[in-house]
Structure formats: structure tokens, C-alpha cells
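An overview of the molecular structure
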Amino acid sequence: ERGDYDEALHHYTAAASVYERQGDEALLGRVYNNIGLVAWRMADLDRADECFRRSLLLLRPLGQPRLQGNILNNLGLVWEGRGDLGKAEQLYQEAIEVLGEAGDLYYMANAVANLGDVREAQGDLSAALRLHRQALELRLQLSHRRGEVGSRVALCRSLLGSGQLEEASAQGELALSIARE
């Protein structure tokens, strides 16, 4: 697995060099986002943060709100990984706003789900449940089955934490059934 990440970084870095020479800020911004995602997966949060910020700086002037919202969500993952839930919460909320204005329900569902995870980690199970239900509704609208499974698992976890065992069991069973499809 580590070799796959190293290979991905090699290719993305080479692409970044090409796009930089060509002056293609749109593609350069996208590739920095991809490098940031690989770095985040490798738990290199400083590099991920740097790449996501660089990507955002390149793409904001180009007026690409869908990508900007996605990158804000990715930055939230970095800060959540660092344990700064307040900063992660702020970034997820900003991502939700930008993605909502852009009409991008797919990435908005991801940011809503991530905000639900933060609220759960903060001990606010009521807000976590509301957000996980909202993310589930968005994913159902999109017929996004894999995302639906993730939302149902997160909802199950929050329901368990709040003592709602019967509904937690039902959500867990649904998630398992869909995952087996």
C-alpha cells in the first residue's frame, strides 16, 4: 500500500511540474488537491495542509466553487486529524455553505457527514444524529449506495451512543444488507 501512495505522489508531482511550466493554474490546483489527499492518507498532515491550501489559493480566483468546497472539506479532515475539532467544524461548515450554493449535493453530503462526526466527537449526539440523517437524505437523493452505507453506519454509531438501540440495530442491519449487494 505504501508503494502505491509513493507512486501516486511521484506521478502527481511530475504532473504538477508540467502544469506549473504551462501556467495552467486550474490543473495545478486540482493536482495539489490530489497530492494533499495522498498525503492525508499517509497521515502526513502538514504536507496535506500545505497542498490543500495551495490548491485553494490557485482555484479561488478561477471561480470553481465545487472544487473550493471539496478542498475546504479536505482541510477539515486535516484539522480533525490534528485533533482541532473547532477548526475542523469551521472548515466543514464553510464547505457546506459553498457546496450548497454551488448545488453540489455529493460533496455537500461528505462535508455534512464529516461535521456529524465532529459533533459526535464533541459529545453533541443530538447534532450528530441530525447531521448524519441529513447526510443520509442527501445520499439517498443521489442514489449513492456506498455513501448510504457510510451514513447508515455513522447514524448507527450515534444512535448507539445516545442509547437508541432498536433504531441503531435497524440502521446497522440496513447498512450491512446494502454493503452485501
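Residues numbered from 1 in each chain as written. Predicted model: local features only at pLDDT ≥ 70, side-chain atom pairs only at ≥ 80, totals over all residues. Heavy atoms only, no water.

Turning our attention to helix α6 (residues 105-121). Between its terminal C-alpha atoms α6 stretches 24 Å, which fits the 24 Å expected from 17 residues at 1.5 Å a residue. Most of α6 is tucked away, with 13 of its 17 residues classed as buried. Of the residues flanking the start of α6, the one acting as N-cap is Asp-104, its side-chain oxygen 3.2 Å from the backbone nitrogen of Tyr-106. Just past α6, the residue Gly-123 takes up positive phi, approximately 90°. (Helix = DSSP H or I, 4+ residues; strand = E, 2+ residues; numbered from the N terminus. Expected span 1.5 Å × (residues − 1). Buried < 20%, exposed > 50% of the residue type's maximum accessible area, 1.4 Å probe, protein only. Polar contact = N/O pair within 3.5 Å; in protein donor to acceptor, adjacent residues only side chain to side chain.)

Turning next to the nonpolar core. Residues Phe-52, Leu-72, Tyr-92, Ile-96, Met-108 and Val-112 are the most contacted members of the largest nonpolar core, which totals 31 residues. Of all the secondary-structure elements, those providing two or more residues to this core are α3 (45-59), α4 (65-81), α5 (85-102), α6 and α7 (125-141). For this core, the element with the most residues is α6, which contributes eight residues. Judged by nonpolar contacts, the second largest core, of nine residues, contains Ala-16, Leu-28, Val-38 and Leu-58. (Core = buried A, V, L, I, M, F, W, Y, C linked by side-chain atoms within 4.5 Å.)

Right, let's talk about the environment of Gly-83 for a bit. If you trace the backbone, Gly-83 turns up in the loop between α4 and α5. Take Gly-83: its relative accessible area is 52%, and that puts it in the exposed class. Each C-alpha atom, one on Gly-83 and one on Glu-166, is 31 Å from the other, the two residues being 83 residues apart in sequence.

It is at 9 Å that the axes of α7 and helix α8 (residues 145-161) come closest, and there the two elements cross at 160°. Here α8 runs roughly antiparallel to α7, going by the angle between their axes. Classified by chirality, the crossing of α8 by α7 is left-handed. Here Leu-125, Ala-128, Leu-129, His-132, Arg-133, Ala-135, Leu-136, Arg-139 and Leu-140 of α7 come into contact with α8, specifically with Gly-147, Glu-148, Ser-151, Arg-152, Ala-154, Leu-155, Arg-157, Ser-158, Leu-159 and Gly-161. A per-class count over the contact of α7 with α8 returns nine nonpolar, five polar and five charged. (Axes fitted to C-alpha atoms, helices over the stretch in contact; angles between N-to-C directions. Parallel < 35°, antiparallel > 145°, perpendicular 65-115°, else oblique. Left-handed = near helix turned anticlockwise from the far one by under 90°. Contact = heavy atoms within 4.5 Å. Nonpolar A, V, L, I, M, F, W, Y, C, P; charged D, E, K, R; others polar.)

A word on the pattern of salt bridges. In this structure the tally under the stated criterion is 13 salt bridges. One salt bridge connects Asp-46 with Arg-82, and the closest N-O pair in it is separated by 2.8 Å. Here Arg-82 lies in the loop between α4 and α5 and Asp-46 lies in helix α3, a separation of 36 residues in the sequence. Here Glu-94 makes a salt bridge to Arg-60, at a shortest N to O gap of 3.2 Å. Here Glu-94 is found in helix α5, whereas its partner Arg-60 is found in the loop between α3 and α4, with 34 residues between them in sequence. By sharing partners, the salt bridges in this structure join Asp-46, Asp-49, Arg-53 and Arg-82 into a single network. (Salt bridge = Lys/Arg side-chain N within 4 Å of Asp/Glu carboxyl O.)

Topologically, Gly-100 is positioned in helix α5. For the pair formed by Gly-100 and Gly-76, sequence separation is 24 residues and the distance between their alpha carbons is 17 Å.

Here the focus is the packing of α6 against α7. Any two packed helices are characterised by how steeply their axes cross, that is the angle between the axes, and by the distance between the axes. Interaxial distance between α6 and α7 falls to 8 Å at its minimum, and their mutual angle equals 160°. Judged on the interaxial angle alone, α7 and α6 are roughly antiparallel. Judged by the sense of rotation from one axis to the other, the crossing of α6 with α7 is left-handed. Residues Leu-105, Met-108, Ala-109, Asn-110, Val-112, Ala-113, Leu-115, Gly-116, Asp-117, Arg-119 and Glu-120 of α6 lie in contact with α7, whose contacting residues are Leu-125, Ala-127, Ala-128, Arg-130, Leu-131, His-132, Gln-134, Ala-135, Leu-138, Arg-139 and Gln-141. The residue makeup of the contact of α6 with α7, split by class, is twelve nonpolar, five polar and five charged.

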